[in-house]
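Each chain is listed here by its residues.
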Amino acid sequence: MRGLLYSDIDGIGRSLALLALRLVVGLGFILHGWPKMQAPASWLPDSDIPGILLAAAAVAEFLGGIALIAGLLTPVVAAMLGVTMLVAIFHVHLPQGHPFVAPGKPNYELAAAYFACMVVFFFVGPGRLSADARLFRRKSAS
């Protein structure tokens, strides 16, 4: 019964779970970032955020999404995207009075969920099924 209610995910199960999360979240960032890449310094009208920071967010979302899917430089990418989501929450959504959840209306639920995923990737990493594992994993002594 304990195995049904609690499991220390390790090995391939953990890596598959992280891969699934990387694929979904990475694709989400790509699809959110691509339209911003079309006008990287001006995609957020009526904002006091400098154009260079808007461009940085557009690039972080689009290229960061690609890197997440590959599991490449995951802690760095997670930090960049995590900061981008915090800026979205605290400099866009909250000042405009958006609630956490408001179906069909502006809210910061997705930014908060993406931020939470970035915390996971920052502290847990991308798993064995990633470019990071191929590039940086220590070779076991045989």
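See the structure above.
Structural notes, computed from the coordinates.

Rules used in this analysis
Residues numbered from 1 in each chain as written. Predicted model: local features only at pLDDT ≥ 70, side-chain atom pairs only at ≥ 80, totals over all residues. Heavy atoms only, no water. Helix = DSSP H or I, 4+ residues; strand = E, 2+ residues; numbered from the N terminus. Buried < 20%, exposed > 50% of the residue type's maximum accessible area, 1.4 Å probe, protein only. Lys, Arg positive; Asp, Glu negative; His and termini not counted. Salt bridge = Lys/Arg side-chain N within 4 Å of Asp/Glu carboxyl O. Polar contact = N/O pair within 3.5 Å; in protein donor to acceptor, adjacent residues only side chain to side chain. Contact = heavy atoms within 4.5 Å. Phe/Tyr/Trp six-rings, centres within 6.5 Å; stacked < 30°, edge-to-face > 60°. Lys NZ or Arg CZ within 6 Å of the ring centre and 35° of its normal. Axes fitted to C-alpha atoms, helices over the stretch in contact; angles between N-to-C directions. Parallel < 35°, antiparallel > 145°, perpendicular 65-115°, else oblique. Left-handed = near helix turned anticlockwise from the far one by under 90°. Nonpolar A, V, L, I, M, F, W, Y, C, P; charged D, E, K, R; others polar. Expected span 1.5 Å × (residues − 1). Bend = angle between axes of the 7 residues up to and from the residue.

1. Section: the side chain of Arg-22
Topologically, Arg-22 is positioned in helix H2 (residues 11–37). Lacking a salt bridge, the buried Arg-22 has Asp-132 as its closest oppositely charged neighbour, with an N-O distance of 7.6 Å. From its side chain, Arg-22 meets the backbone oxygen of Ile-69 in a polar contact 3.1 Å long. Apart from the residues within four sequence positions on either side, Arg-22 is in contact with Leu-27, Leu-68, Ile-69, Ala-70, Gly-71, Phe-121, Pro-126, Leu-129 and Ser-130.

2. Describing the packing of aromatic side chains
One pass over the full model with this rule turns up four aromatic pairs. For the ring pair Phe-100 and Tyr-108, a centre distance of 5.5 Å and an interplane angle of 65° mean the geometry is edge-to-face. Using a relative accessible area of 42% as the deciding quantity, one classes Phe-100 as partly exposed. Note that Lys-36 overlies the ring of Trp-43, its terminal NZ or CZ placed 4.5 Å from the centroid.

3. Details of unusual backbone geometry
Phi angles above zero are rare outside glycine, and Asp-46 is one such case at about 60°. Relative to the helices and strands, Asp-46 resides in the loop between H2 and helix H3 (51–70). Given the relative accessible area of 86%, Asp-46 is considered exposed. Even without being glycine, Leu-73 reaches a positive phi, approximately 55°. You can see Leu-73 is positioned in the loop between H3 and helix H4 (74–93). The exposure class of Leu-73 is partly exposed, given its relative accessible area of 45%.

4. Section: the packing of H3 against H4
Contact geometry of H3 with H4 gives a least axis separation of 10 Å together with a crossing angle of 140°. Considering their axes alone, H3 and H4 lie oblique with respect to each other. Crossing handedness for the pair H3 and H4: left-handed. Where H3 abuts H4, its residues Ala-57, Ala-60, Glu-61, Gly-64, Ala-67 and Leu-68 lie against Thr-74, Val-77, Met-80, Leu-81, Thr-84 and Met-85. Along the lines of polarity and charge, the residues of the contact of H3 with H4 split into eight nonpolar, three polar and one charged.

5. Notes on H3
The terminal C-alpha atoms of H3 lie 28 Å apart, and with 20 residues this matches the ideal 28 Å at 1.5 Å per residue to within 8%. At Gly-64, H3 shows its maximal bend, which comes to roughly 30°. Residues of H3 that are buried: Leu-54, Ala-55, Ala-57, Ala-58, Ala-60, Glu-61, Phe-62, Gly-64, Gly-65, Ala-67 and Leu-68. Immediately downstream of H3, the backbone of Gly-71 shows phi near 70°, a positive value.

6. Structural notes on the side chain of Thr-74
Looking at the secondary structure, you find Thr-74 in helix H4. Of the polar contacts made by the side chain of Thr-74, one reaches the side chain of Asp-132; its length is 2.8 Å. Apart from the residues lying within four places of it in its own chain, the contact partners of Thr-74 are Leu-68, Phe-121, Gly-125, Pro-126 and Asp-132.

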